[in-house]
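Structure at a glance
Now for the letters of each chain:
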Amino acid sequence: MSGLLLNAAACAAIAMSAFAFVWTLHKQEYKDTNLPSLWALILFWATIALAFLFVCVRVIAAFYGYTGVDRICYYLASIPLAFLPVSLVFFIVYVVTGDKRASLAMSLIFSAFGIVYLWFLFTSEIAGPEVTYWATIFSIDSDAAITVYLSGLFIVPTAMVIALLGIILARKISKRHRYRIALTLVAISIVFDFILVDAIAIWDVMQVVSRIFILIGVVLAFLAYHPPDTLQDRLGIREIHDEIEVIDG
Amino acid sequence: MGEIDVSLEQEAAAYFRSLGINQGPGDIQYRLIILALASNEGRVTLFSDIRAYTDQVADRGSVASKLKTVFLLEGLAKRVQRGGYVITDKGLAAARFIEKSTKFYKKYMQIDAIIERIP
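Residues numbered from 1 in each chain as written. Chains lettered and ligands numbered in written order. Predicted model: local features only at pLDDT ≥ 70, side-chain atom pairs only at ≥ 80, totals over all residues. Heavy atoms only, no water.

Quick notes on the overall build of chain B
Counting its secondary structure elements, chain B contains 5 helices and 3 strands. Helices and strands in chain B line up, N terminus first, as α-α-β-α-α-β-β-α. In terms of overall size, chain B behaves like a compact globule, its C-alpha atoms giving a radius of gyration of 15 Å where 119 residues would be expected to give roughly 14 Å. Overall size of chain B, expressed as C-alpha extent along the three principal axes, is 60 × 25 × 25 Å. Across the 119 residues of chain B, 46% fall into the buried class. (Helix = DSSP H or I, 4+ residues; strand = E, 2+ residues; numbered from the N terminus. Rg over C-alpha atoms; globule rule 2.2 N^0.38 Å. Buried < 20%, exposed > 50% of the residue type's maximum accessible area, 1.4 Å probe, protein only.)

Comments concerning the packing of helix α4 (residues 84–97) of chain A against helix α6 (residues 143–170) of chain A
Each packed pair of helices is defined by two parameters, the angle between the axes and the distance between the axes. Residue and element names in this part refer to chain A. Taken N-terminus to C-terminus, the directions of α4 and α6 make an angle of 30°; their axes are 10 Å apart at the nearest point. The orientation of α4 relative to α6 falls into the category roughly parallel. In this structure, α4 meets α6 at a crossing whose hand is left-handed. Note on element contacts: α6 touches α4 through L153, P157, M160, V161 and L164, opposite P85, L88, V89, I92, V93, V95 and V96. Tallied by class, the residues present in the contact of α4 with α6 amount to 12 nonpolar, no polar and no charged. (Axes fitted to C-alpha atoms, helices over the stretch in contact; angles between N-to-C directions. Parallel < 35°, antiparallel > 145°, perpendicular 65-115°, else oblique. Left-handed = near helix turned anticlockwise from the far one by under 90°. Contact = heavy atoms within 4.5 Å. Nonpolar A, V, L, I, M, F, W, Y, C, P; charged D, E, K, R; others polar.)

Describing the packing of aromatic side chains
Residue and element names in this part refer to chain A. Inspection of every chain in the model, using the stated rule, returns 20 aromatic pairs over all chains. Centre to centre, the rings of Y74 and Y75 are 5.9 Å apart; their planes meet at 65°, and the pair counts as edge-to-face. There is no split in this pair, since Y74 and Y75 are both buried. With centroids separated by 5.4 Å and ring planes inclined at 65°, the aromatic side chains of W119 and F120 adopt a geometry described as edge-to-face. Using a relative accessible area of 24% as the deciding quantity, one classes F120 as partly exposed. Aromatic rings pair up to connect F21, F44, W45, F154, F192, F222 and Y225 into one cluster. (Phe/Tyr/Trp six-rings, centres within 6.5 Å; stacked < 30°, edge-to-face > 60°.)

Here we look at the confidence of the model for chain B
Looking at chain B as a whole, the pLDDT averages 92, with 98% of positions reaching at least 70. Mean pLDDT across the secondary structure elements of chain B bottoms out at helix α4 (residues 60–72) of chain B, with 92, and peaks at helix α1 (residues 6–18) of chain B, with 95. (pLDDT = per-residue confidence, 0-100.)

Observations concerning the interface of chain A and chain B
Across the boundary between the two partners, chain A contributes 22 residues, which contact 8 residues of chain B. Secondary structure elements with two or more residues in the side of chain A that touches chain B: α2 (35–63), α4, α6 and α7 (175–200) of chain A. Element by element, the count of residues in the side of chain A that touches chain B is highest for α4 of chain A, at 5 residues. Here the residues of the side of chain A that touches chain B are counted per class, giving 12 nonpolar, 7 polar and 3 charged.

Structural notes on the nonpolar core
One broad trend across soluble globular proteins is that nonpolar side chains are buried collectively. Counting 75 residues, the largest nonpolar core has W45, I48, F52, Y117 and I195 of chain A as the members making the most contacts within it. Among the elements that line this core, the one with the most residues is α2 of chain A, at 13 residues. Discounting chain neighbours no more than four positions away, the residues touching I195 of chain A are I48, F52, L81, L84, Y149, F154 and I214 of chain A. Membership of the second largest hydrophobic core comes to 27 residues, among which are A36, Y85, I87 and A94 of chain B. (Core = buried A, V, L, I, M, F, W, Y, C linked by side-chain atoms within 4.5 Å.)

Section: the pairing of strand β2 (residues 136–140) of chain A
Summarising the sheet, strand β1 (residues 126–131) of chain A and β2 of chain A pair through 4 bridges and their orientation is antiparallel. Within β2 of chain A, the residue paired with A127 of chain A across the bridge is S139 of chain A. (Pairing = 2+ DSSP bridges.)

Here we look at the pattern of salt bridges
Across all of its chains, the model carries 6 salt bridges over all chains by this definition. The shortest N-O distance in the salt bridge between E116 of chain B and K31 of chain A comes to 3.1 Å. One end of the pair, E116 of chain B, is in helix α5 (residues 89–117); the other, K31 of chain A, is in the loop between α1 (2–27) and α2, on a second chain. (Salt bridge = Lys/Arg side-chain N within 4 Å of Asp/Glu carboxyl O.)

A look at the packing of helix α5 (residues 100–123) of chain A against α6 of chain A
All names here are of chain A. For the pair α5 and α6, interaxial distance at closest approach is 8 Å and the crossing angle is 155°. Viewed along their axes, α5 and α6 adopt a mutual orientation that is roughly antiparallel. As α5 packs across α6, the resulting crossing turns out to be left-handed. Together, M106, F110, F113, G114, V116, Y117, F120 and L121 of α5 and A144, A145, V148, Y149, G152, L153, V156, P157 and M160 of α6 make up the contact between the two elements. Tallied by class, residues from the contact of α5 with α6 come to 15 nonpolar, 2 polar and no charged.

Let's talk about helix α3 (residues 47–54) of chain B
Residues and elements named next belong to chain B. All of the buried residues in α3 are F47, I50, Y53 and T54. Each buried residue of α3 lies within a common arc of 125° when the element is viewed along its axis, so the set occupies one face. If you follow the buried residues of α3, they end up packed against α1, α2 (28–39), β1 (45–46), α4 and β3 (84–87). (Arc of directions from axis to C-beta.)

Looking at the sheet that holds β1 of chain B
Residues and elements named next belong to chain B. Sheet architecture is open: 3 strands sit in the order β1-β3-β2, paired in antiparallel fashion. In this open sheet, the two strands that pair with only one neighbour each are β1 and β2 (77–81). Across 2 bridges, the pairing between β1 and β3 is antiparallel. For L46, the partnering residue across the bridge sits in β3 and is G84.

Written as structure tokens, this is what we have:
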């Protein structure tokens, strides 16, 4: 059953690195114009951290054979995951339009999708847990819940992320900005899509692999804001300060 | 050519001046005069038509002087009657360039605002 321990370790790593990233974002300098989007981003990564904390407990419980705890934590983790697109949609709509009201309205629509999904999830039967060497899997016996989850909660926000990425890459902006924005959006996209794969996984290995990719996504997001020196030199994105100012200062 | 948005043209001129481009795209009088002439393509543009736009940003004398020293001298417009001008092919090329510079400014501001909003 050491596969389950690897699975739990991946979940713990996702939760911890997402919490660490939230902490660094919280300490980030901000302007009035980017404060709403910064909070949306903080909320997005905090939601992921919280969800994977429950998933981690769930996998450990499955390892020790506590199926009741596994089931409770499955339901608990599904709550933050159902509302994950809310902060993401707010972030994208606000970044593109700069209109807080429009962003809130869109977020409310996606909150409604989340509530509908949870309602279908909690009122339908779930089969499981099926505990294997690698994973613990629940199967939702509700086509409506899966449809809402796939179409409403994941496909639309993913399309929004890709569209924003296209807008940014199509314009001529500085390498430094291009690196940070593109890597942030790619990281969000990877994390978001593999959470979807994780949720609909029917093979145990698929679940572990998708969690490893989610971890890679969180690390990429961290690297977008804190690129190592060697990477900055190689990509030519280092911020050059005034040497005279440094000497005088 | 549609209606000329004087405040947008002022913003665009200020932006180009901030890039160190003080003449042409960075000159609000030049922008408004060429756009006013182009909006009357095929017809005579009266000095009063031009002043309808330029009065908000410049005095009559400096506009008349700009018309004489830049537009007539460089062949961007022809004087066809007292206080009446028509745009030339060269002038139309200049007008197209100024229109493109407005579009460039709008696009730049759009992307700049998006970048500003990303933390």
